[in-house]
Amino acid sequence: EVQLLESGGGLEQPGGSLRLSCEATGFFFTVSAMTWVRQAPGKGLEWVSGISGSGASIFYADSVKGRFTISRDNSKNTVYLQMSSLRVDDTALYYCAKGAGSTTWYADSWGQGILVTVSS
Amino acid sequence: DIQMTQSPSSLSASVGDRVTITCRASQDIRNYLAWFQQKPGKIPNLLIYAASTLQSGVPSRFTGSGSGTHFTLTISSLQPEDVATYYCQKYNSAPGTFGQGTKVEIK
């Protein structure tokens, strides 16, 4: 059974940093792209960032480019999202999601989400 | 980047009705389209990928069609458990942009 467990969220001030982690179990991690998708309160889904199974291909939404960094450690079955220069509008539930293939950018499994609140 | 536009933004229909949601891409994405269902307070669930392939375990009343820039999700007979917001997502390349969502309610 696929399980994705996010951690690292919380309350941070504008301009601050947070690092989200997502530990994956139940599938071959190295052959799956991993993505972060966020959902602001009462709003729709927003694709944030994705990393291919090997880690060689990395992409970001324009809204986070230059501020967020995605990475993965295939020896630990974990994907990370380093968030810097946080803004109030980064407040959202952040989902870790497993891609259906190594460079496939739709998710066939989702974590429960981790809340990030940016507020002074 | 390619933009994804869904219509309508919300709809209300009776149990047993046929419901259709439309998703349009601003550029040709061939059949690289997925549909997700998100029930209130729950995580998103994959319904359809490759525009028309039903994900395992999804009821057959859900069908997807289309290619290029115009896609549809149809619920053949709306059930109370289908109350949710539905999202399309393009995945021909990153970013995997989502549509803004369509909220489906029971009349």
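If you're wondering where the values come from, they're calculated on a predicted model, not measured in any experiment.

Our next topic: the environment of T85(B). Residues and elements named next belong to chain B. Topologically, T85 is positioned in strand β9 (residues 84–90). Judged by relative accessible area, T85 falls into the buried class, the value being 19%. Counting along the chain gives 34 residues from T85 to A51, while the straight-line C-alpha distance between them is 18 Å. Contact partners of T85, with chain neighbours within four places excluded, come to F36, Q37, Q38, G101, T102 and K103.

So, on to the interface of chain A and chain B. Listed per partner, the contact involves 18 residues of chain A and 18 residues of chain B. The contact between chain A and chain B buries some 1,500 Å² in all, and 68% of this surface belongs to carbon and sulfur atoms. Counting the surface chain A buries against chain B, the share from its top three residues, L45(A), Y106(A) and W110(A), is 43%. Connecting chain A to chain B are zero salt bridges. Secondary-structure elements contributing two or more residues to the side of chain A that touches chain B are β4 (34–39), β5 (45–51) and β10 (107–110) of chain A. Across the side of chain A that touches chain B, the residue classes tally to nine nonpolar, five polar and four charged.

Residue and element names in this part refer to chain B. Taken together, four strands build an open sheet; the order of strands is β1-β3-β8-β7 and the sheet is antiparallel. Sheet topology places β1 (4–7) and β7 (62–67) at the edges, where each strand pairs with a single neighbour. Each strand of the sheet is rotated relative to its neighbour by a mean of 15°, with strand direction disregarded. As judged from the four bridges shared by β1 and strand β3 (residues 19–25), these two strands associate in the antiparallel manner. Looking at β3, one finds that M4 is bridged to A25.

Scoring rules and cut-offs
- Residues numbered from 1 in each chain as written.
- Chains lettered and ligands numbered in written order.
- Predicted model: local features only at pLDDT ≥ 70, side-chain atom pairs only at ≥ 80, totals over all residues.
- Heavy atoms only, no water.
- Helix = DSSP H or I, 4+ residues; strand = E, 2+ residues; numbered from the N terminus.
- Buried < 20%, exposed > 50% of the residue type's maximum accessible area, 1.4 Å probe, protein only.
- Contact = heavy atoms within 4.5 Å.
- Buried area = accessible area lost by both parts, 1.4 Å probe.
- Salt bridge = Lys/Arg side-chain N within 4 Å of Asp/Glu carboxyl O.
- Nonpolar A, V, L, I, M, F, W, Y, C, P; charged D, E, K, R; others polar.
- Pairing = 2+ DSSP bridges.
- Axes fitted to C-alpha atoms, helices over the stretch in contact; angles between N-to-C directions.

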